[in-house]
Amino acid sequence: MKKLLYFAVIALLGSFMVQAQEEVTLSAWTHDNLYIDFFNSRLTEWEAMHPDIKFTYDFQIIPNAWDRYLEALAAGETLPDLLGLEQGGFPKFMKDGIIEKYFVPLDDLVAADRSDYAEGRMSIYSYNGKLYGLESSLTASVYYYQPKIFEDNGVEVPKTWEEMVATGEELGKKGIALNVATNSGNWFQMWLDQRGGAVFDKDGNFVFGDETNRALAIEVATLIQKGVKNGTFLVVLGDDHWGGVTIPTAYREGRLAGQVMPDWWSSCCLMPGVEDMAGQWKVALPPVWSGGGAKTLVWGGTGWAVSQGDHADLAKEFIGFMYLGHESQVQKFEKINMFPWMLSAYDDPRITSLEDPFYGGQKLGEIYAQLADGVPVWYQSPFRSNWSTAAGDNLPLLFDGSMTPEAFVDEVTKVTQDAIDFGF
Amino acid sequence: MASQNARALSVKTPRGRLRQDRYAPYFFISPFFILFTIFFLLPSLFAIGISFYKWKALGVPEFFGTRNFERLLKGDPIFWQAVKNTLFYAGSSLFIVAPLALLEALALNSKRLKFRTFWRAIYFAPIVTSTAAIAIVFRMLYNREFGFLNEFIMALGGMPVDWLGNRGIVKFSVMGVVLWRWTGLLAIYFLAGLQSIPDELYEAAAIDGATQRQRFFHITLPSLRPVMLFVAVIVSIGSIQIFDDPQILTQGGPANASLSVVQYLYTRGISDLLYGYASAVGVFLFVVIFILSMVQLRLFRGGDR
Amino acid sequence: MVEPKSQKLLGTLILNLAVALGGIIMAWPILWMISASFKRLNEIYTFPPTIIPRNFTLGNYQRLFTDWPFGRWYINSLAVAVLVTLAVLFFTSLAGFGFAKYRFRGRQPLFMVMLSSTMIPFELILIPLFILMSRLGWTNSYQSLIIPFMAPALGIFLMRQYISTLPSELMEAARIDGATEFSIYWRVMLPLMRPVLAAQAILTFLGSWNSYLWPLTVMRNRDSMTLPVGMVSMMGSITAGSEPPVGASMAAATLITIPVIIVFLFVQRYYISGLTAAGVKE
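Residues numbered from 1 in each chain as written. Chains lettered and ligands numbered in written order. Predicted model: local features only at pLDDT ≥ 70, side-chain atom pairs only at ≥ 80, totals over all residues.

### A word on the overall build of chain A
- For chain A, the helix and strand inventory stands at 19 helices and twelve strands.
- The C-alpha atoms of chain A give 24 Å as radius of gyration, which agrees with the globular expectation for 424 residues (22 Å, within 12%).
- Referenced to the eigenvectors of the C-alpha coordinate spread, the extents of chain A come out at roughly 100 × 55 × 35 Å.
- Across chain A, every contact between residues at least 6 apart in sequence was considered, and the portion connecting residues at least 24 apart equals 77%. (Helix = DSSP H or I, 4+ residues; strand = E, 2+ residues; numbered from the N terminus. Rg over C-alpha atoms; globule rule 2.2 N^0.38 Å. Contact = placed C-beta atoms within 7 Å.)

Laid out in structure tokens, this is it:
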């Protein structure tokens, strides 16, 4: 009888323990709801891997989530387990070694097949040789364009930047621009990186003003200035470039033929702005520089970083599960249209043979498969935001011709160097 | 005037004063002094203190002497650009917005205006609107390619203007919002001033055969002097602190051409988390406003005489 | 020297025309905003603009509540504005009463201190106050927008000016009846202050409702934003799979401004009297 009671107690305790799963809330901040959509689509799979844990999720969409994170850190507020850290925000996290003090390195997640991932998508989330962010998308650029405009005017889609500006000279007279220019330092850097220039070197030294880089930067700035002047590039400043109506309206009215933009731009900005023009678009390889350089340009990218804290291990596992490996990379493309940055993923027909009705049934994957191994590698520095602010501040002056390309490059160098010297 | 009034009353009723609770008034005014000390006075002293430190939000403050100020005053072209822009805002508020407000008040006060109440409502409504909302509306009206303003100009045969992208023009575009949003407010002050001028003055002048112009220059303007001084002060102090309009309209761009001092402080302090440096900007602002307030006191004293 | 009649008529005509023209310019942004809030993206920028939308849509308004926590922002703004207004009414009228109706040691210097506090620009303390809020754990919560601003000096000044004009005899009578000083304030004086309380309430409510810099600094979580901050954040946020938030931001702007304008039309009188009373310092 006593024994029976004993068993009963154990059975009771046991059943109690099964019910008392560990409860974990995973929290994440990001500026882009697509990532959240993607996570949500795979939560059942994830939970099946952890039957012992009862998950709840607190995923928040916050504009400039990375800046908010820093402010929350300064304010001593609760921080999310996962942060969608846009590459442009990464430099701020390098200052005073914040990334090292508050985040965990993710190198072991890619340890097994590191060479299969685009190096240029990891170098930008690295600090002191360690990886702190998992990239969301290849961010390689292509030329999105309206084929009808080219046909109507009897011109070819340009293969080089020089050709583009020459074609633009002609179409500019008819009030048709071929691409957009905006006042963002990161936008300028994307061109410079493609040309083979650099702002910071591997060790984080400021090399923008070096002889070689200065010459390349001047070459890029000269082409931009020329293109703005002859109407090849439509200047769209500030927020208008993203959420505004200028660009969609320009497309609709046939005053803008296309844009050289990264993969993510298609679903975030182009499609929503011109839903009514589905099927009238095509994608081509991006222009290259006749003087040499990489075959594509990269802009943007959001790396997921994992905060130190109680759930750091789980959060790390979570993001590794969501983003890494062949299947995850392919699913990420299928579900939210982010192209893989794992090179071998392009062997998968689910990527290369998908026909996109928005682009008249074109197989975009085929284009990206040609670009994946050509993503330029560039490096971050704590002072990169100083540089990009300086460049962004001075680009309008380059556009309106009140500054020569040389003066532009030298001024940006001077302002950045000054900030570095003062220790901002 | 008011304090004399109170004194007279309490002298009249000495018994009441004897019986009143001695501590009650201190109790009544104490919330202000407590809140002021905690949330304004101590933070002010703290701001002055940290302006002598190099302090990034997540780092440890490091004594920096006067280096923040040296850089601010001698080696920071963006700051000086912001100062120049802010002076432009203050100047055009004083010399364009305020006179227009006076004109508006004269018009809305005129007995020859039909539907006066209706027009007053139209002209005064903007002052209660949210600058954030209005700046976004203006941003669309100002759009270079397709904004209403440019389409309108082009319909009239003119050339489109790059309202927010041209460095020479953008400050005027910011002032456009300020003008729309603030003239009504200033006009209310002028209107109150106009209505306090006794009609007898005008009647007497009319009997003496003064023309309308003479009446305006010899009666209206001199009587409005205190109001004009008051408006000048609130306009100059207010426009030195301008933030919302350029922040939402242009984020200070292009190339910092519309950046105001407060925007610069916000960017350095809250976006870049450079607490020490931003506090130095704050101290600069404080000194300027303090001097203006002193001038104001002087002017008002002068005005009384 | 009386003007000739024809000249006077011409002057009247010019005056009325000028005021009407200016009035159209003043009203235009509001009209355009309301009209655009009911349009789809491709109609917003057509020229000449259609005042009555050709394809009328409520989609922009619906989106506010599905794509953004607009309802939450509205509640935040409303709650903060109401609470801060109530607190300001209480503390400023109490302090104004203290300064106006009592003679006590240090009154004059304390009053001067209070007045000169208005010389501190808010921007000087923006960063220290932000740090203080962080340390208190008040960021993202209502109290950071309310508590520091409960007793504004100018409000106390406005109150004192008005209360000074009220008769003190009633206080004396109440005192003889054995009322405490606080109940004199609460029962005798407060009911007499209605007009100035109304003016103060409108000024404070509007100030809170429209304020941007401070809420932008401390209210950083999406759910804790106030209307202006949330609205501006909409413009910068990229929402995949839906059209740019152009029409939606016009809908938001309409919902922020129009109720306030309508209320203003009814309480204009108090608002103007409050402004001018606060303005005339002599």
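### Regarding the overall build of chain C
- Assigned secondary structure in chain C consists of 14 helices and zero strands.
- Along chain C, helices (α) and strands (β) appear in the sequence α-α-α-α-α-α-α-α-α-α-α-α-α-α when read from the amino end.
- Against the 2.2 N^0.38 benchmark of 19 Å for 282 residues, chain C shows a C-alpha radius of gyration of 24 Å, more extended than a compact globule.
- In terms of overall dimensions, chain C has C-alpha extents of about 70 × 70 × 35 Å along its principal axes.
- Among the 282 residues that make up chain C, the fraction classed as buried is 47%.
- Pairs at least 24 apart in sequence give 75% of the contacts found in chain C among residues at least 6 apart. (Buried ≥ 20, exposed ≤ 12 C-beta atoms within 10 Å, placed from the backbone.)

### Considering the interface of chain C and chain B
- Contact residues are listed per partner, giving 77 residues for chain C and 79 residues for chain B.
- Of the residues forming the side of chain C that touches chain B, the biggest block, 13 residues, is contributed by helix 14 (residues 246–279) of chain C.
- In the side of chain C that touches chain B, the residues fall into 54 nonpolar, 15 polar and eight charged. (Nonpolar A, V, L, I, M, F, W, Y, C, P; charged D, E, K, R; others polar.)

### Quick word on the sheet that holds strand 7 (residues 141–145) of chain A
All names here are of chain A.
- Reading across from one edge, 10-7-11 is the order of the three strands in this open sheet, with antiparallel pairing throughout. In this open sheet, the two edge strands, each paired with only one partner strand, are strand 10 (258–262) and strand 11 (282–284). In this sheet, adjacent strand axes meet at a mean angle of 30° when their direction is disregarded.
- In the sheet, strand 7 pairs with strand 10 via five bridges, with the strands oriented antiparallel. Following the sheet pairing, Tyr-143 is matched in strand 10 by Val-260. (Pairing = 2+ DSSP bridges. Axes fitted to C-alpha atoms, helices over the stretch in contact; angles between N-to-C directions.)

### Remarks on the packing of helix 5 (residues 77–109) of chain B against helix 14 (residues 261–271) of chain B
Residues and elements named next belong to chain B.
- Across the interface, helix 5 lies against helix 14 with an axial gap of 8 Å and an inter-helix angle of 145°. Taking contact as the criterion, the partners of Ile-78, Phe-79, Ala-82, Val-83 and Thr-86 in helix 5 are, on helix 14, Val-261, Gln-263 and Tyr-264.
- In the contact of helix 5 with helix 14, the residues fall into six nonpolar, two polar and no charged.

### Brief notes about the domain arrangement of chain C
Residues and elements named next belong to chain C.
- You can read the domains of chain C as domain 1 (26–57) and domain 2 (70–279).
- Taken together, the contacts link eight residues of domain 1 with eight residues of domain 2.
- Within the residue set of the side of domain 1 that touches domain 2, elements represented by two or more residues are helix 1 (5–37) and helix 2 (41–44).
- Sort the elements by how many residues they give to the side of domain 1 that touches domain 2 and helix 1 lands first, with four residues.
- Within the side of domain 1 that touches domain 2, the residues separate by chemical class into five nonpolar, one polar and two charged. (Domains from an automatic or database assignment.)

### Overview of the domain arrangement of chain A
All names here are of chain A.
- For chain A, the domain assignment lists domain 1 (2–137 + 301–358) and domain 2 (141–299 + 382–422).
- Here the C-alpha centre of domain 2 lies 32 Å away from the C-alpha centre of domain 1.
- With 13 residues of domain 1 at the interface, the matching set in domain 2 holds 15 residues.
- In terms of residues, the side of domain 1 that touches domain 2 owes the most to one element, helix 5 (residues 90–94), which gives three residues.

### Quick notes on the nonpolar core
Residue and element names in this part refer to chain B.
- Counting 299 residues, the largest nonpolar core has Leu-186, Phe-190 and Val-281 as the members making the most contacts within it.
- Ranked by residue count, the leading element in this core is helix 9 (residues 170–195), at 14 residues.
- With sequence-adjacent residues up to four places away left out, Val-281 is seen in contact with Leu-72, Phe-79, Val-261, Tyr-264, Leu-265 and Arg-268. (Core = buried A, V, L, I, M, F, W, Y, C linked by C-beta atoms within 7 Å.)

### So, the interface of chain A and chain B
- Opposite the 21 residues of chain A that make contact, chain B presents 22 residues.
- Elements that contribute at least two residues to the side of chain A that touches chain B include exactly helix 4 (65–75), helix 12 (246–252) and helix 18 (384–399) of chain A.
- Tallied by class, the residues present in the side of chain A that touches chain B amount to eleven nonpolar, six polar and four charged.

### Looking at the pairing of strand 3 (residues 82–86) of chain A
All names here are of chain A.
- Extensive coverage of strand 3 is indicated by the burial of five of its five residues.
- As paired elements, strand 1 (residues 22–30) and strand 3 share two bridges and run parallel to each other. Looking at the pairing, Trp-29 lines up with Leu-83 of strand 3.
- By the bridge criterion, five bridges tie strand 3 to strand 12 (residues 302–306) in an arrangement that is antiparallel.

### Topic: the sheet that holds strand 6 (residues 134–135) of chain A
Residue and element names in this part refer to chain A.
- Pairing in this open sheet of five strands is mixed, and the strands run 2-1-3-12-6 from one edge to the other. Since the sheet does not close on itself, it has two edges, and those belong to strand 2 (53–61) and strand 6, each with one partner.
- Sitting on the sheet, helix 4 is in contact with strand 1 and strand 3, with an inclination near 125° to strand 3.
- Helix-sheet contacts for helix 14 (residues 312–323) involve strand 1, strand 3, strand 6 and strand 12, and the interaxial angle to strand 12 is about 150°.

### Observations concerning helix 6 (residues 122–136) of chain C
Residue and element names in this part refer to chain C.
- The largest bend in helix 6 is about 35°, located at Pro-128.
- Counting buried positions along helix 6 gives eleven out of 15 residues, so the element sits mostly inside the fold.
- Here helix 6 has its buried residues at Glu-123, Leu-124, Ile-125, Leu-126, Ile-127, Pro-128, Leu-129, Phe-130, Ile-131, Met-133 and Ser-134. (Bend = angle between axes of the 7 residues up to and from the residue.)

### So, the packing of helix 4 (residues 70–101) of chain C against helix 11 (residues 194–210) of chain C
All names here are of chain C.
- It is the contact of helix 4 with helix 11, at a shortest axis distance of 8 Å, that shows an interaxial angle of 140°. By the angle between their directions, the pair helix 4 and helix 11 is classed as oblique. At the point where helix 4 passes helix 11, the crossing takes the right-handed sense. Here helix 4 contributes Ser-77, Val-80, Ala-81, Val-84, Thr-85, Val-88, Leu-89, Thr-92 and Ser-93 to the contact with helix 11, which in turn contributes Leu-197, Gln-200, Ala-201, Thr-204, Phe-205, Ser-208 and Trp-209.
- The class makeup of the residues in the contact of helix 4 with helix 11 is nine nonpolar, seven polar and no charged. (Parallel < 35°, antiparallel > 145°, perpendicular 65-115°, else oblique. Left-handed = near helix turned anticlockwise from the far one by under 90°.)

### Considerations on the pairing of strand 1 of chain A
- As paired strands, strand 1 of chain A and strand 2 of chain A are joined by nine bridges and run parallel to one another. If you follow Leu-26 of chain A over to strand 2 of chain A, its bridge partner there is Tyr-57 of chain A.

### Quick look at the confidence of the model for chain C
Residue and element names in this part refer to chain C.
- On average, residues of chain C score 88 in pLDDT, and 94% of them reach the 70 mark or higher.
- The element-level mean pLDDT for chain C is lowest in helix 2, coming to 82, with helix 4 highest at 96.
- Here the predicted complex carries an ipTM of 0.89, next to a pTM of 0.85. (pLDDT = per-residue confidence, 0-100.)

### Observations regarding unusual backbone geometry
- Phi is positive for Asn-337 of chain A, close to 65°, though the residue is something other than glycine.
- Relative to the helices and strands, Asn-337 of chain A resides in the loop between helix 15 (326–336) and helix 16 (349–352).
- Assessed through the 21 C-beta atoms surrounding it within 10 Å, Asn-337 of chain A is described here as buried.
- Even without glycine at this site, Asn-140 of chain C takes up a positive phi of about 65°.
- Along the chain, Asn-140 of chain C turns up in the loop between helix 6 and helix 7 (143–146).

### Some remarks on the confidence of the model for chain A
- For chain A, per-residue confidence averages 90 on the pLDDT scale, and residues scoring 70 or more make up 95% of the total.
- The secondary structure element of chain A with the lowest average pLDDT is helix 1 (residues 2–19) of chain A, at 58, and the one with the highest is helix 11 (residues 211–229) of chain A, at 97.

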